[in-house]
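A closer look at the structure
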Amino acid sequence: MSGHAENDPILKITGLTKSFGPVKALRGVDFELRRGEIHAIAGENGAGKSTLMNIIDGIHRPDGGSMLLDGKPVSITSPAMAQQLGIGFVHQEIALCPDVSVAENIFMSVTNTTRSLLMDYATLERKAGEILGQLGDIDPSVLVRTLSISQQQLVEIAKALTLDCRVLILDEPTAALTEREAQILFGIMRKLASQGISIIYISHRMVEIFQNCDRVTVLRDGQYIATKNVAETTPGEVVSAMVGRVIDNLYPAKLGDNERSDEIILDVRNLTERTRFRDISFQLRKGEILGLAGLIGAGRSEIVKGICRLEGEVTGEVRLHGQPLQIAHYGDSISEGIVYLSEDRKGDGLFLDMSIASNVAALSVEQVASRLGIIDEQRETAQAELLGSRLNLKCAHVGQPVSALSGGNQQKVAIAKMLSVNPKVIFLDEPTRGVDVGAKAEIHRILRDLARGGVGIIVISSELPELIGVCDRVLVVREGRISGEVSGDEMTEDRIMYLASIGEERALAS
Amino acid sequence: MTSIATPSAKVRPASVGLMGGVKQLLRMRETGLILIILALFIAMSFASPYFLTWNNLRAMAMAFAVEGIVVVGMTILLISGGIDLSVGSVTALAMVIAGLLFLNGVDPWIASGIAIAACTAIGAGMGFFVTRVGLHHFIVSLAVMVIARGLCLLGTGGRPLGLYTLPPEFKFIGQGSIGVIPVVIIIFVVVVVVFDFLLRRTTIFRKVFYTGSNEKAAAYSGIRTKKVVFLTTTLCSALCGVAGIIYMARFGSAQPTFGIGMELNVIAAAVIGGASLSGGSGTIFGAILGTILLSVVSSSLALLDVSVYWQDIIRGSILLTAVTIDHYLNKRRG
């Protein structure tokens, strides 16, 4: 792919080790980056990907091992030094100044080193416009706070592009991007690679790796497992290498024809919110897992939050098992048995500094308390232990703070919190975001088991393979309306993307 | 509970025993405070012959007991994520309102009830501005601090009200003893024990922790977070009212300038005792130990004839030290 004349690697790492206290984050990792290649790094959470990247960027210092940049041994001591050496890093978390213009954010490091006392805003904005022009339609003069998350992510990438780097590290850059924006980014990555820039690409999404990268290196438990040419391996092989065992079923079996039921759990009619969505009508049947697809901002989350009155001024009718619902506040919704699992686990899903048991009890502390409102700590602990073992939660004990758990286990705590009230309907918003492959498969199995047990399940996901793999039926939302429904063989990424971006009317016309 | 860890579980050494560590740290904070207080006691008993006398101990206890009631309210408010700068002037206002009513012929008990109700209403007003209007606790309580002080001075013309005719059974609250133990201290212990239990064990106060720990996650758990913050704000002012009445009974007068700078002492005590200004953590027991520590330090410095100005400097330094240690402990924990 590269076609570059020089064949020696731009970056060669041998036997890298790093410990944090008793935890060995890296145990002798080898990594080789060729000129002009797009090199994916795959591994579960905690495999050592971030530690490796942070060492390359000078945030952490290695305990042992060697690093050759352009054939010369280097010891990178700070991100500023990494920048000087031509290493750019786009972090997963957005780190922009919200109250400053896009252009100033993009050239933050330049303004930092300039000798001029005055800011030349016109030039800054013109230059920023040139870079942004390749990425998407963003006005360089507006404040960053007014941009959507995906636009902010693009600004982060633009910022790295100004640095004239030889090595560009992208850490899950598509997590917040829409499909179209992601495709634009892949185009830019290929263009950069053809100019000889080497790209390290970190992602959980196998499809992205296999469509866009040249080679893939797999890490597991801080150890180097293998590097393969993408053309010579398969997603299954990579996933197996990541988890150290064969994952035979990433997705559990779907509902069989004889298991289908006509019983309706949730019946939504003409649900409308002032600005966010209109005329939403659908039915959730017993036993099925229903998916909600759509681009970010289409109104998927807003619809389910509207049903349980978490936000928005909603009109329309919702029936649960045939009974019309009167919900004024999310607390009422919980009492009725309709709960919502937030897409932002850390921001509004969990109490990170509190114990697992307290988190699990949060939806209804009254359940583990006497009639006088005095909490019975034994019942609280027992509840968390019971649900924890049902979900295969891995923790030392339920008194541990949630912040000590891995992403997948945190998500299980969030799910246990939902299950503590014996819900009738669960809305799950991005239930496997930031969760490693093993836990992902487990969460999918849990959802299927719940559906079999008669709980209504609605899943929102931006990962189309997940929706297609998990759901029996998918509703596609576009600009606040349902633009179509797919099930069975019709459930393909192409069909869903078509409905999400173009809509049903024209789909019928064509 | 290792039973939850299944055989397939990947051992994550970072998490094993972490809770034990956290528990130890928590224990360290309270045992640490107790040890410091004990060390001060031992050092002072050598430094000053008066320190370990019954009269001095009693005076010290009386000094922190009433303020301790306000510390309880402040700690709960801090846990919910709020703060109240008006505690000193609201306490003084309770005295002034009850004093004025008494001087105008109202029964002292009824006058006290009205004063406490008025303080509660002030708290509810602050709660309204914070939860309904959406202003910050700091600004709202800063304004109320000044307004309440102004009301005190307006009502009294700036002079203390002598309440020489207060009936002895009323003065008993502030001056009397049951056996050898002053009533003030009994009230204080009751308030502390009751609220410590409520805070640790009841559903209502658990919601205070949820709200302070992560307000958005609390709202997404169906908790009415605005109601919680409204209640903790109101409770803090109500407890200021109670403290004000006890002070009035103790002094036999109502002092419009009482409690200036009290908010700093009270917040410092709660924070030294482990309450976080960002909400979600704190204990009554810790906060009371913080109160005792500050009070013992003040008393010791006075006995050692240290200038009042130095006392302020030392108290401030203790606060800074405690918060710095806390910051590092939290960092290690996180």
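No experiment lies behind these values; they were computed from the predicted model shown.

Quick word on helix H6 (residues 149–161) of chain A
Residues and elements named next belong to chain A. For H6, built from 13 residues, the straight-helix expectation of 18 Å at 1.5 Å per residue is met to within 8% by its first-to-last C-alpha distance of 19 Å. Across the 13 residues of H6, 10 count as buried, placing the element largely inside the fold. All of the buried residues along H6 are Ser150, Gln152, Gln153, Leu154, Val155, Glu156, Ile157, Ala158, Ala160 and Leu161. Where H6 is buried, its residues contact strand S6 (87–90), helix H3 (102–106), helix H5 (121–135), strand S7 (167–171) and helix H7 (179–194).

Here's the deal with unusual backbone geometry
Where the residue is not glycine, phi is negative for most of them; where a peptide bond is considered, it is trans in most cases. One non-glycine residue, Glu479 of chain A, lies in positive phi territory at about 50°. Following the sequence through the fold, Glu479 of chain A ends up in the loop between strand S19 (473–478) and strand S20 (481–487). Given a relative accessible area of 63%, Glu479 of chain A falls into the exposed group. Residue Asp305 of chain B is not a glycine yet carries a positive backbone phi of 60°. For Asp305 of chain B, the position within the fold is in the loop between helix H12 (284–303) and helix H13 (308–333). A relative accessible area of 68% means that Asp305 of chain B is categorised as exposed.

Quick word on helix H7 (residues 183–201) of chain B
Taking 1.5 Å of rise per residue, the 19 residues of H7 of chain B would be expected to cover 27 Å, and the 27 Å separating its terminal C-alpha atoms lies within 8% of that figure. Turning to H7 of chain B, its buried residues are Val183, Val184, Ile185, Phe188, Val191, Val192, Phe195, Asp196 and Leu199 of chain B.

Focus on the domain arrangement of chain A
All names here are of chain A. Its domain assignment divides chain A into domain 1 (9–243) and domain 2 (257–508). Each of domain 1 and domain 2 was reduced to a C-alpha centroid, and the two centroids are 33 Å apart. Contact residues are listed per partner, giving 14 residues for domain 1 and 11 residues for domain 2. Both sides together, the interface formed by domain 1 and domain 2 hides about 990 Å², and carbon and sulfur atoms give 61% of it. Put simply, domain 1 and domain 2 have 0 salt bridges between them. In this assembly, domain 1 and domain 2 are joined by 0 residue pairs in polar contact (both at pLDDT 80 or more). Listed by contribution, the elements that provide at least two residues to the side of domain 1 that touches domain 2 are H7 and helix H9 (235–243).

Here's the deal with the sheet that holds strand S12 (residues 280–285) of chain A
All names here are of chain A. Judged by pairing direction, the sheet is antiparallel, and its 4 strands sit side by side in the order S12-S11-S14-S15 without closing on themselves. If you trace the sheet from one side to the other, it starts and ends with S12 and strand S15 (323–324), each paired once. As paired elements, strand S14 (residues 314–320) and S15 share 2 bridges and run antiparallel to each other. Paired with Arg319 across the strands is Pro324, a residue of S15. With respect to the sheet, helix H10 (residues 300–307) is in contact with strand S11 (264–273), S12 and S14, its orientation differing from that of S11 by roughly 110°.

Re the interface of chain B and chain A
Buried accessible area, meaning the area lost when the parts come together, often serves as the stated size of an interface. On the chain A side, the residues contacting the 35 residues of chain B number 49 residues. Note on chain B versus chain A: buried area summed over both sides is about 3,500 Å², and carbon and sulfur give 56% of it. Counting across the interface, chain B meets chain A through 3 salt bridges. The partner of Glu366 of chain A in a salt bridge is Lys207 of chain B, with the nearest N and O atoms 2.7 Å apart. Our count for the chain B to chain A interface comes out at 12 residue pairs in polar contact (both at pLDDT 80 or more). At the level of secondary structure, the elements contributing two or more residues to the side of chain B that touches chain A comprise helix H1 (18–47), H7, helix H8 (203–213) and helix H9 (215–219) of chain B. Looking at the side of chain B that touches chain A element by element, the count peaks at 6 residues for H8 of chain B. Among the residues forming the side of chain B that touches chain A, the class breakdown is 16 nonpolar, 11 polar and 8 charged.

Here is what the cut-offs are and how they apply
Residues numbered from 1 in each chain as written. Chains lettered and ligands numbered in written order. Predicted model: local features only at pLDDT ≥ 70, side-chain atom pairs only at ≥ 80, totals over all residues. Heavy atoms only, no water. Helix = DSSP H or I, 4+ residues; strand = E, 2+ residues; numbered from the N terminus. Expected span 1.5 Å × (residues − 1). Buried < 20%, exposed > 50% of the residue type's maximum accessible area, 1.4 Å probe, protein only. Contact = heavy atoms within 4.5 Å. Domains from an automatic or database assignment. Buried area = accessible area lost by both parts, 1.4 Å probe. Salt bridge = Lys/Arg side-chain N within 4 Å of Asp/Glu carboxyl O. Polar contact = N/O pair within 3.5 Å; in protein donor to acceptor, adjacent residues only side chain to side chain. Pairing = 2+ DSSP bridges. Axes fitted to C-alpha atoms, helices over the stretch in contact; angles between N-to-C directions. Nonpolar A, V, L, I, M, F, W, Y, C, P; charged D, E, K, R; others polar.

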